[in-house]
Amino acid sequence: TGIKNYFQVHDPDLKNHAIALIIMLFTLMVGQYSQIAMGIDPQTFYFLGTLVIFIRMPVYDKKLSQQEPSFFK
């Protein structure tokens, strides 16, 4: 879902957020696979929060594309 959203989103800031979250999830999975680095509770907060952002990312992109361009952005 994160990689699909990266290629579907048009806003460059959202693309940066998508790739950063993909890297965070990848490193979390590698660390968890090699050893139990964290307990399960902190990992689920990161994992579920990232999934929520990935699911809502197309909605944010649509809202940003409908806004008027700002000169002070």
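### A short note on the overall build of the chain
Scanning the chain for helices and strands turns up three helices and zero strands. Listing each helix as α and each strand as β along the chain from the N terminus yields α-α-α. With 73 residues in all, the chain has 19% of them scored as buried. A fraction of 60% describes how many contacts in the chain between residues 6 or more apart in sequence connect residues 24 or more apart.

### Some thoughts on the confidence of the model for the chain
The pLDDT averaged across the chain works out to 81; a share of 81% of its residues lies at or above 70. The least confident element of the chain, judged by mean pLDDT, is helix H3 (residues 40–66) at 84; the most confident is helix H1 (residues 2–8) at 89.

### Examining the nonpolar core
With seven residues, the main nonpolar core is built from Val 9, Leu 14, Ala 18, Leu 21, Leu 25, Phe 54 and Met 57. Only helix H2 (12–34) and H3 provide two or more residues apiece to this core. Per-element accounting of this core gives the leading share, four residues, to H2. Setting aside residues no more than four positions away along its own chain, Leu 14 makes contact with Val 9, Met 57, Tyr 60, Asp 61 and Leu 64.

### Focus: the packing of aromatic side chains
Each pair of aromatic rings is reported with the distance of its centres and the angle of its planes. As enumerated under the stated definition, the model contains one aromatic pair in all. The side chain of Lys 15 reaches across the aromatic face of Tyr 6, ending 4.9 Å from its centre.

### Focus on the side chain of Asp 61
Within the secondary structure, Asp 61 is located in helix H3. For the buried Asp 61, which has no salt bridge, the nearest side chain bearing the opposite charge is Lys 15, at an N-O separation of 8.8 Å. Not counting residues within four places of it along the chain, the set of residues in contact with Asp 61 comprises Gln 8, Val 9, His 10, Asp 11 and Leu 14.

### Observations concerning the environment of Thr 27
By the element assignment, Thr 27 lies in helix H2. Judged by its relative accessible area of 46%, Thr 27 falls in the partly exposed class. Polar contacts involving the side chain of Thr 27 include one to the main-chain carbonyl oxygen of Met 24, which spans 2.9 Å.

Conventions used here
- Every chain is numbered on its own, with residues counted from 1 as its sequence reads.
- Per-residue local features are limited, in this predicted model, to residues with pLDDT of at least 70; the limit for side-chain atom pairs, both in listing and counting, is 80 or more; totals at the level of whole chains, interfaces and linings are taken over all residues.
- Only hydrogens and water are set aside when side-chain values are computed; all heavy atoms of the structure are taken into account.
- Runs of H or I in DSSP of at least four residues are treated as helices and runs of E of at least two as strands, each being numbered from the N terminus.
- Only protein chains enter the calculation, and the probe is 1.4 Å; a residue is then buried if its accessible area is under 20% of its type maximum, exposed if over 50%, and partly exposed in between.
- Pairs of residues are marked as contacts when any of their non-hydrogen atoms sit within 4.5 Å.
- What pLDDT conveys is the predictor's confidence in a given residue, as a value from 0 to 100.
- Definition of nonpolar core: a set of buried residues of the types Ala, Val, Leu, Ile, Met, Phe, Trp, Tyr and Cys, connected through side-chain atoms within 4.5 Å.
- Stacked, tilted and edge-to-face are the three classes applied to pairs of Phe, Tyr and Trp rings, where Trp contributes its six-membered ring and a pair requires centres within 6.5 Å; stacked means planes under 30 degrees apart, edge-to-face means over 60, and tilted covers the rest.
- Any Lys NZ or Arg CZ that is within 6 Å of a ring centre and within 35 degrees of that ring's normal is treated as a charge sitting over the ring.
- Charge counting follows a simple rule: Lys and Arg are positive, Asp and Glu are negative, and His as well as the terminal groups are ignored.
- Counted as salt bridges are all cases of a side-chain nitrogen of Lys or Arg within 4 Å of a carboxyl oxygen of Asp or Glu.
- Here a polar contact is taken to be a pair of N or O atoms separated by no more than 3.5 Å, where protein atoms must pair a possible hydrogen donor with a possible acceptor and residues adjacent in sequence count only if both atoms sit in side chains.

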